[in-house]
Amino acid sequence: MLRKTLPLLALAIAGVLAAPAALAQSAGDWTVAIGAHQVNPDSDNGALAGGTLPLDIGSSTRPTIAFEYFVRDNLGLEVLAALPFQHDIAIEGLGRVGSTKHLPPTVSLQYHFNSQGKVSPLLGVGLNYTTFFSEETRGPLQGSKLELDDSFGLALHAGVDFKVGQKGAIRVDVRWMDIDSDVKLDGAKLGSAKIDPLVYGAAYVLRF
């Protein structure tokens, strides 16, 4: 957990040091952020069959969109959505055995520092719900029914907005999501997949 939170804190602190304090983002404002993000699962994705079959879950990049409503000055409530991410699933010694798609809607409460300045960092914390679907099998699992259960967990967010014009900004950000899923094959539970990804991305943010 500490390994993943340090990059988030470092990114936010760097943004704070880069810009002085300024006027607040006003309560009642809205923003929309349109961009793309890459989901990078943890290097240790757990193991199946009593720990004898280590998992390897691949990364995926898709377009994303986020809406944020400012409930108070500087404090916003964000909803993140995306097109379905698709991940290859491999087992050590067997190679690629399947794939799955997922949607990771996430709701975060986040604070914006120096929100009217040219550089504005943000920190957020929230909840992620991940639903898996369209699982497929291949190779040694061809013909079997693969299922990954949905997941619900903590989400952390840190980013920096670089102001463009009066109402626009370019955002670079990173998220960490607690995503764990029970894995079933033909209805029998094989174990759990520990995904816990870091999610990197960039977006254009428009305030209105």
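*Asks:* What exactly am I supposed to notice about the overall build of the protein chain here?
*Replies:* When its secondary structure is counted, the protein chain shows 1 helix and 15 strands. Buried residues in the protein chain amount to 44% of all 208 residues. For the protein chain, the proportion of contacts with a sequence separation of at least 24, taken over those separated by at least 6, is 67%. Accessible surface for the protein chain amounts to roughly 10,000 Å². Of this, 62% is attributable to carbon and sulfur atoms.

*Asks:* Hey, could you run me through the pairing of strand β14 (residues 188-194) in this one?
*Replies:* Consecutive residues of a regular strand have side chains that alternate between opposite faces of the sheet. Across 6 bridges, the pairing between strand β13 (residues 180-185) and β14 is antiparallel. Its bridge partner being in β14, Leu-185 is matched across the sheet by Ala-188. Once β13 ends, the chain turns through 2 residues before running back antiparallel as β14, passing Asp-186 with a positive phi of about 55°.

*Asks:* What's the story with the packing of aromatic side chains in this structure? I'm lost.
*Replies:* Think of a pair of aromatic rings as described by two things: how far the centres are apart, and how the planes are tilted against each other in angle. One pass over the full model with this rule turns up 2 aromatic pairs. Ring centres of Trp-30 and Tyr-69 lie 4.9 Å apart, and the angle between their planes is 50°; this geometry places the pair in the tilted category. In this pair, Trp-30 is assigned in strand β1 (residues 30-40) and Tyr-69 in strand β4 (residues 60-72), connecting sequence segments 39 residues apart. A relative accessible area of 34% means that Tyr-69 is categorised as partly exposed. Ring centres 5.0 Å apart and planes at 70° place the aromatic pair Tyr-111 and Phe-113 in the edge-to-face group. A relative accessible area of 29% places Phe-113 in the partly exposed class.

*Asks:* Is there a simple way to explain the side chain of Ser-181 in this structure?
*Replies:* Within the element layout of this structure, Ser-181 appears in strand β13. The class of Ser-181 is buried, set by a relative accessible area of 1%. Only 2.7 Å separates the side chain of Ser-181 from the backbone oxygen of Asp-149, close enough to count as a polar contact.

*Asks:* What exactly am I supposed to notice about the pattern of salt bridges here?
*Replies:* Pairing between side chains of opposite charge can happen when their charged atoms approach one another. This model, assessed by the stated rule, comprises 7 salt bridges. Between Arg-171 and Asp-161 there is a salt bridge, and its shortest N-O distance comes to 2.6 Å. Residue Arg-171 is found in strand β12 (residues 168-177), and its partner Asp-161 is found in strand β11 (residues 151-164); the two are separated by 10 residues along the sequence. With respect to burial, Arg-171 and Asp-161 carry one shared label: buried. Linking Lys-189 and Asp-182 is a salt bridge whose minimum nitrogen-to-oxygen distance equals 3.5 Å. Judged by its relative accessible area of 54%, Lys-189 falls in the exposed class. Taking the relative accessible area as the measure of exposure, Asp-182 reaches 27% and is therefore partly exposed. Salt bridges sharing common partners tie together Glu-78, Asp-161, Arg-171, Asp-173 and Arg-175.

*Asks:* Looking at this structure, how should I read the side chain of Asp-42?
*Replies:* Among the structural elements, Asp-42 can be located in the loop between β1 and β2 (47-48). With a relative accessible area of 10%, Asp-42 lands in the buried category. From its side chain, Asp-42 meets the backbone nitrogen of Asp-44 in a polar contact 3.2 Å long.

*Asks:* Explain unusual backbone geometry here, please?
*Replies:* Note on backbone geometry: most residues besides glycine have negative phi, and most peptide bonds are trans. Positive phi, close to 75°, is recorded for Asn-74, a residue that is not glycine. Within the element layout of this structure, Asn-74 appears in the loop between β4 and β5 (75-82). Not every positive phi belongs to a glycine, and Asp-196 is a case in point at roughly 35°. In this fold, Asp-196 is placed in the loop between β14 and β15 (198-207). A residue is classified by how much of its surface remains accessible, and Asp-196, at 7% relative accessible area, is buried.

So, how was this worked out
Residues numbered from 1 in each chain as written. Predicted model: local features only at pLDDT ≥ 70, side-chain atom pairs only at ≥ 80, totals over all residues. Heavy atoms only, no water. Helix = DSSP H or I, 4+ residues; strand = E, 2+ residues; numbered from the N terminus. Buried < 20%, exposed > 50% of the residue type's maximum accessible area, 1.4 Å probe, protein only. Contact = heavy atoms within 4.5 Å. Areas by Shrake-Rupley, 256 points an atom, 1.4 Å probe, with all protein chains shown as cover. Pairing = 2+ DSSP bridges. Phe/Tyr/Trp six-rings, centres within 6.5 Å; stacked < 30°, edge-to-face > 60°. Polar contact = N/O pair within 3.5 Å; in protein donor to acceptor, adjacent residues only side chain to side chain. Salt bridge = Lys/Arg side-chain N within 4 Å of Asp/Glu carboxyl O.

Geometric descriptors of this kind do not, in isolation, establish any biological role.
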